[in-house]
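# Coordinate inspection notes
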Amino acid sequence: MGLFLFPPLGLPLGFVLGVFGAECARLRSAQEAWPSAVQALKAAAVSYGIELTTAVMIALAFAIGASFVLSGSLDAVPSPTV
């Protein structure tokens with residue numbers, strides 16, 4: 001539901017609320033469940049950061065390769081023969 005109401009924040013918000021709800025039900029205390037939710041949010045932030053960094057690196061590699069192809073500087077490289 002959060003994904004549709006708050007599109008950019010729905011996934012992390014739902015994830016943290018889900019972890020908090022599960023830990024609250026398991027531990028029977030909101031104060032004891034909150035540190036688990038904070039740890040889950042930190043782990044999600046690290047995961048999103050790794051994914052974003054990888055996506056930027058892939059896009060950069062593609063842009064560099066495309067610029068070589070479009071500039072014609074790869075004409076001097078012989079094609080492999082089979």
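What you see is a predicted model, and the numbers here were worked out from it, not measured in a lab.

## Let's talk about the overall build of the protein chain
- Secondary structure summary: the protein chain contains 3 helices and 0 strands in total.
- Relative to its full complement of 82 residues, the protein chain shows a buried share of 10%.
- Split by element, the accessible area of the protein chain, about 6700 Å² in all, is 75% carbon and sulfur.

## Some points on unusual backbone geometry
- One non-glycine residue, Arg 28, lies in positive phi territory at about 65°.
- Mapped onto the elements, Arg 28 comes out in the loop between α2 (7-27) and α3 (30-71).

## Comments concerning the pattern of salt bridges
- The final tally for this structure, using the stated rule, is 1 salt bridge.
- For Glu 23, the salt bridge goes to Arg 26, with nearest N and O atoms at 2.8 Å. Highlighted residues: Glu 23 and Arg 26, both in helix α2, separated by 3 residues, approximately one helical turn.
- The buried category is assigned to Glu 23, whose relative accessible area is 16%.
- We classify Arg 26 as exposed; its relative accessible area is 58%.

## Quick word on a nonpolar patch on the surface
- Residues Leu 9, Leu 13 and Leu 17 make up a contiguous nonpolar surface patch of roughly 300 Å² in combined accessible area.
- In this fold, Leu 17 is placed in helix α2.

## A closer look at α3
- Here α3 spans 60 Å end to end across 42 residues, near enough to the 62 Å set by a 1.5 Å rise per residue.
- Regarding α3, the residues found buried are Ala 33, Ala 37, Ala 40 and Ala 44.
- In this structure, the buried side of α3 is in contact with α2.
- Measuring from the backbone nitrogen of Gln 31 back to the side-chain oxygen at the start of α3 gives 3.4 Å, which picks out Ser 29 as the cap.
- One or two steps after α3, the chain reaches Gly 72, where phi turns positive at roughly 85°.

## Here's the deal with α2
- Taking 1.5 Å of rise per residue, 21 residues should cover 30 Å, and α2 covers 30 Å from first to last C-alpha, within 8% of that figure.
- Within the span of α2, buried status applies to Gly 10, Pro 12, Val 16 and Glu 23.
- A positive backbone phi angle near 65° is found at Arg 28, which sits one or two residues after α2.

Rules used throughout
Every chain is numbered independently, its residues counted from 1 as its sequence is written. Local features in this predicted model are restricted to residues of pLDDT 70 or higher, and side-chain atom pairs are both shown and tallied only at a pLDDT of 80 or more, whereas totals for entire chains, interfaces and linings draw on every residue. Side-chain measures were taken over the full set of non-hydrogen atoms in the model, leaving aside hydrogen atoms and water. By definition, any uninterrupted DSSP run of H or I lasting at least four residues is a helix, any uninterrupted run of E lasting at least two residues is a strand, and each is numbered from the N terminus. Think of it in three bands: with a 1.4 Å probe and only protein chains considered, a residue is buried below 20% of the maximum accessible area for its type, exposed above 50%, and partly exposed in between. The protein chains shown are the only cover counted for residues, whose accessible areas, like all others here, come from Shrake-Rupley with a 1.4 Å probe. Criterion for a salt bridge: a side-chain nitrogen of Lys or Arg within 4 Å of a carboxyl oxygen of Asp or Glu. Residues enter a patch when their relative accessible area is above 30% and they make no salt bridge; the linking distance is 9 Å between like charges and 5 Å between nonpolar side chains (Val, Leu, Ile, Met, Phe, Trp, Tyr). Any helix carries an expected span of 1.5 Å times its number of residues minus one. Contacts between residues were defined by any pair of non-hydrogen atoms, one from each residue, lying within 4.5 Å. As used in this structure description, the phrase polar contact means that two N or O atoms lie within 3.5 Å; if the pair is within protein, one of them must be able to donate a hydrogen and the other to accept it, and residues adjacent in sequence are counted only when both atoms belong to side chains.

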